[in-house]
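Residue-level structure breakdown
The chain contents come next:
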Amino acid sequence: MTGSGETGVVGRFAPSPTGAMHLGNARTALLAWLHSRARGGRHLLRFEDLDTGRVRPWAYDLTRRDLEWLGLDWDEEITQSRRLELYRDAAARLETYPCTCTRREIRDAIHASAGAPHGEEPVYPGTCREAPRNPDRPAALRWRIPAAQVCAHDALSGRTLCQDLCAEVGDLVLRRNDGVYAYHLAVVVDDAASGVTDVLRGEDLWTATPRQVALQGALGLPTPRYLHVPLMTGYRGERLAKRGGAPPLSALREAGESAARIRAELARSLGWPVPDEVSVSELLPLWVAEWARVEGVRPCR
Ligand code: GLU
């Protein structure tokens, strides 16, 4: 099934090849594919492999095989580690400064300031903004975040999240001190370079969306439509994780499980009424109906 792009929708599934896909990754992959294909759009597979220390070389091929087994196809494959010059060029267009602070120095500065961390992640207090502290150390590159409120919208749930990134996040690292470009920069550059119109991904990335919207604004890139889908949980309600022992999809496949049954299990976990075995084409109208319901109830903005 090749996307004709007749509706102009371009979607993507963007796994990190750091391990074997589990059912939770498979559900997000399935939904991203359904969303791209439901209206004849293009669908991309993008390997987010910038953090080379975490990459497992065998995971690329296993991911491709898992997706094919599930009946999901893609029109183009993109590998972030081959596109470093794009991220370098984008970072060069932003107002940045080298940061050589250690984590400890940042932590101490946070504790010493009135604004102790109140959220989940510590706010970078701008320790290196004016002058790099340890010029001999390898420097990370931080983006001097403009002082403004930035809002992200989720088309699936109708939520809007506004953040004052200066106060709530602090200057973002665009390149770590080991030279690895940051996920937020790469994702924004790649989505725009590929003409991605619709980003369907896991709920865990929702709260990071305003910083991606801010980067899009600063780089003059369009903001795609965002759809965040719930993460699949295990029997005890825990989030499935590649490193947390969730059974790999490949193990289910090798144990003789059928893709039709796994698709049905994934669809049922979303509350969709499906028989015990289901094909991807049978799932397409269910996503169309779900999406129509979402679009239908969307309040005016
Ligand atoms: N690479 C990210 C992950 O595997 C997904 C990033 C995205 O979809 O924007 O969780």
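The structure under discussion appears in the preceding block.
Reading the values: the criteria
Residues numbered from 1 in each chain as written. Predicted model: local features only at pLDDT ≥ 70, side-chain atom pairs only at ≥ 80, totals over all residues. Heavy atoms only, no water. Pairing = 2+ DSSP bridges. Helix = DSSP H or I, 4+ residues; strand = E, 2+ residues; numbered from the N terminus. Axes fitted to C-alpha atoms, helices over the stretch in contact; angles between N-to-C directions. Expected span 1.5 Å × (residues − 1). Buried < 20%, exposed > 50% of the residue type's maximum accessible area, 1.4 Å probe, protein only. Right-handed = clockwise from strand over helix to strand, strands pointing away. Near = heavy atom within 4 Å. Polar contact = N/O pair within 3.5 Å; in protein donor to acceptor, adjacent residues only side chain to side chain. Areas by Shrake-Rupley, 256 points an atom, 1.4 Å probe, with all protein chains shown as cover. Nonpolar A, V, L, I, M, F, W, Y, C, P; charged D, E, K, R; others polar. Contact = heavy atoms within 4.5 Å. Salt bridge = Lys/Arg side-chain N within 4 Å of Asp/Glu carboxyl O. Phe/Tyr/Trp six-rings, centres within 6.5 Å; stacked < 30°, edge-to-face > 60°. Lys NZ or Arg CZ within 6 Å of the ring centre and 35° of its normal.

Taken in spatial order, the three strands line up as β4-β5-β8 in an open sheet, and their pairing is antiparallel. The open sheet has two edge strands, β4 (96–99) and β8 (172–175), and neither has a second partner. In this sheet, adjacent strand axes meet at a mean angle of 45° when their direction is disregarded.

Turning our attention to helix α1 (residues 23–38). Between the first and last C-alpha of α1 there are 22 Å, a value that for 16 residues agrees with the 22 Å anticipated at 1.5 Å per step. Burial runs high along α1: 15 of the 16 residues are buried. Just downstream of α1, G40 is the residue with a positive phi angle, here 70°.

On a regular strand, one side chain projects to one face of the sheet and the next to the other, so that they alternate. Taking burial as the measure, the five residues of strand β9 (residues 198–202) include five buried ones, the bulk of the element. Pairing geometry for β9 and strand β10 (residues 225–229), over five bridges, is parallel. Paired with R201 across the two strands is H228, which belongs to β10. Handedness of the crossover joining β9 and β10 through helix α7 (residues 209–219) is recorded here as right-handed.

The next subject is the site of the ligand. In the vicinity of the ligand, the contacting residues are R12, A14, P15, S16, E48, Y183, V187, R201 and L205. Between the ligand and the protein, one listed contact pairs a nitrogen atom with a backbone N or O atom of A14 at 2.8 Å. At a separation of 2.8 Å, an oxygen atom of the ligand approaches a polar side-chain atom of Y183. Taking 300 Å² as the accessible area of the ligand by itself, protein coverage stands at 78%. Looking at the shell around the ligand, its residues break down into five nonpolar, one polar and three charged.

Before going further, it helps to examine the side chain of H43. One can find H43 in strand β2 (residues 42–47). H43 gets classed as buried once you look at its relative accessible area, which sits at 4%. A polar contact is formed between the side chain of H43 and the side chain of S36, at a distance of 2.7 Å. Ignoring any residue separated from it by four or fewer positions in sequence, one finds H43 in contact with G11, R12, F13, A32, W33, S36, R37, D73, W74, D75 and E76.

Turning our attention to the pattern of salt bridges. Under the criterion given, the structure shown has 20 salt bridges. Two residues, R83 and D190, come together in a salt bridge whose shortest N-O distance is 2.8 Å. Of this pair, R83 sits in the loop between β3 (76–79) and α3 (84–92) while D190 sits in helix α6 (residues 183–193); the two residues are 107 residues apart in sequence, bridging distant segments of the chain. Summarising the burial analysis for this pair, R83 and D190 share the class buried. A salt bridge links D198 to R225, with the shortest nitrogen-to-oxygen separation between them at 2.9 Å. Note that D198 is positioned in strand β9 and R225 in strand β10, a separation of 27 residues in sequence. What makes D198 buried here is its relative accessible area of 4%. Since its relative accessible area comes to 30%, R225 is described here as partly exposed. Taken together, the shared-partner salt bridges connect R12, R46, E48, R83, D190 and D191 into one network.

This next bit is on helix α9 (residues 259–269). Listing the buried residues of α9 in full gives A259, A260, I262, R263, A264, L266 and A267. A positive phi of about 85° marks G271, the residue just after α9.

Moving on to the packing of aromatic side chains. Per the counting criterion, the structure on display carries four aromatic pairs. Judged by centre distance (6.1 Å) and plane angle (55°), the ring pair of Y87 and Y181 falls under tilted. With a gap of 94 residues between them, Y87 in helix α3 and Y181 in the loop between β8 and α6 connect regions that are remote in the sequence. According to the relative accessible area criterion, Y87 is buried, its value standing at 0%. Seen from their ring centres, W272 and W287 are 6.4 Å apart, and the 45° between their planes marks the pair as tilted. With W272 in the loop between α9 and α10 (280–297) and W287 in helix α10, this residue pair connects regions lying 15 residues apart in the sequence. Within the aromatic cluster, the residues linked to one another by ring pairs are W272, W287 and W291. Directly above the aromatic system of Y124 lies the positively charged group of R142, at a separation of 3.4 Å from the ring centroid.

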